[in-house]
Amino acid sequence: MTAPLLHVEGVRKNYGPIEVLHGVSLSVAKGEVFAIIGPNGAGKTTMFRVMTGEVGSNGGTIRFDGEDVTHLPAHERVRRGFGRTFQVARVFHDFTVLDNVIVAIEARRRHTKETLGPWRRCAPTDEVQSEAMALLADLKLDAQAEQGARYLSHGDKKRLEFAIALAGRPSI
C-alpha cells in the first residue's frame, strides 16, 4: 500500500473555550475523491481552513505527500500542491475573466521557474494565453474571457475561481 497524499492525524481546533475539531483524522490517496459532509456548524469549513493553513490547529499533524506541513502557512502549502476555493468566490473583480486565470498561471510559472518569456515583455506569452483559454473552455467560460469578472453571475464567479485554482496545477 502506498502512503496517502494527505494524512491528517488527531487535528484539534479551538475558538476560545469552544473545541470545534475533536481529534479529526483522515487520509486521502492520490486520485481519490474524498468528501467531508455534515450539518451546519459541524466544523467542515474549519477543517478545510486548518488543512489548507488558513488557520492553525491546536494539535495534531497534517502530512502532505510525506511532508509534515502542520505549521506551514497557506501560501507554502499552495506551492507544495494544495488548491482550494472559498465559500464566497475570491476573484480579481477589476480584471477580465481571462486575466484572472493568466495571473494564476504566471504566479505558478514564476514559482516553478518556468519561463515567462523575455523580462521586458509586458504581455503574457501565447503559451500562457492558450493555457488560460483552455482552462476557461473546460469550465465553459471561454465566451466570457474578455468580460470583466465583476459582471459574472455568482455561479460563473465560482467557476472562474475554480479555473484559478486549477491554474496552479494542484495535487489535491
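Note that the coordinates shown come from a computational prediction; the quantities given were computed from them, not determined experimentally.

Novice: Report on the nonpolar core, specifying residues and quantitative values.
Specialist: Within soluble globular proteins, side chains that are nonpolar generally end up buried alongside one another. Residues L98, V101, I105, A132, L136, L160 and A167 are the most contacted members of the largest nonpolar core, which totals 19 residues. When residues of this core are traced back to their parent elements, those giving at least two are α3 (97-111), α4 (126-138) and α5 (154-167). Per-element accounting of this core gives the leading share, six residues, to α3. Residues contacting A167, with those up to four places away along its chain left out, are V101, A104, I105, R108, E131 and L135.

Novice: Provide a residue-level description of the environment of G31, including the pertinent values.
Specialist: By secondary structure assignment, the location of G31 is in the loop between β2 (18-28) and α1 (44-51). Overall, G31 belongs to the exposed group, its relative accessible area being 77%. Along the backbone, G31 and S171 are 140 residues apart, and their C-alpha atoms lie at a distance of 8.8 Å.

Novice: Describe the environment of H22, and please don't skip the residues or the numbers.
Specialist: Topologically, H22 is positioned in strand β2. We classify H22 as exposed; its relative accessible area is 56%. Put simply, H22 and N100 are 78 residues apart on the chain and 38 Å apart in space, counted from C-alpha to C-alpha. Excluding residues within four positions of it along the chain, H22 makes contact with V11 and R12. Polar side-chain contacts of H22 include one of 3.1 Å to the side chain of E19.

Novice: Summarise α5; cite the residues concerned and give the values.
Specialist: Under the 1.5 Å per step criterion, the end-to-end length of α5 is 20 Å for 14 residues, consistent within 8% with the ideal 20 Å. Every buried residue belonging to α5 is among D156, K157, L160, E161, A163, A165 and A167, and all of these are buried. Along its buried surface, α5 packs onto α3 and α4. Just downstream of α5 lies R169, where phi reads positive at about 50°.

Novice: Pulling in residues and values, what's your account of the environment of A149?
Specialist: With respect to the helices and strands, the residue A149 is situated in the loop between α4 and α5. According to the relative accessible area criterion, A149 is buried, its value standing at 0%. Distance in space between the C-alpha atoms of A149 and F64 is 33 Å, their sequence separation being 85 residues. Those residues in contact with A149 that lie beyond four places of it in its chain are V91, F92, H93, F95, T96, V97, N100, K157 and L160.

Each value, and the rule that gives it
- Residues numbered from 1 in each chain as written.
- Predicted model: local features only at pLDDT ≥ 70, side-chain atom pairs only at ≥ 80, totals over all residues.
- Heavy atoms only, no water.
- Core = buried A, V, L, I, M, F, W, Y, C linked by side-chain atoms within 4.5 Å.
- Buried < 20%, exposed > 50% of the residue type's maximum accessible area, 1.4 Å probe, protein only.
- Helix = DSSP H or I, 4+ residues; strand = E, 2+ residues; numbered from the N terminus.
- Contact = heavy atoms within 4.5 Å.
- Polar contact = N/O pair within 3.5 Å; in protein donor to acceptor, adjacent residues only side chain to side chain.
- Expected span 1.5 Å × (residues − 1).

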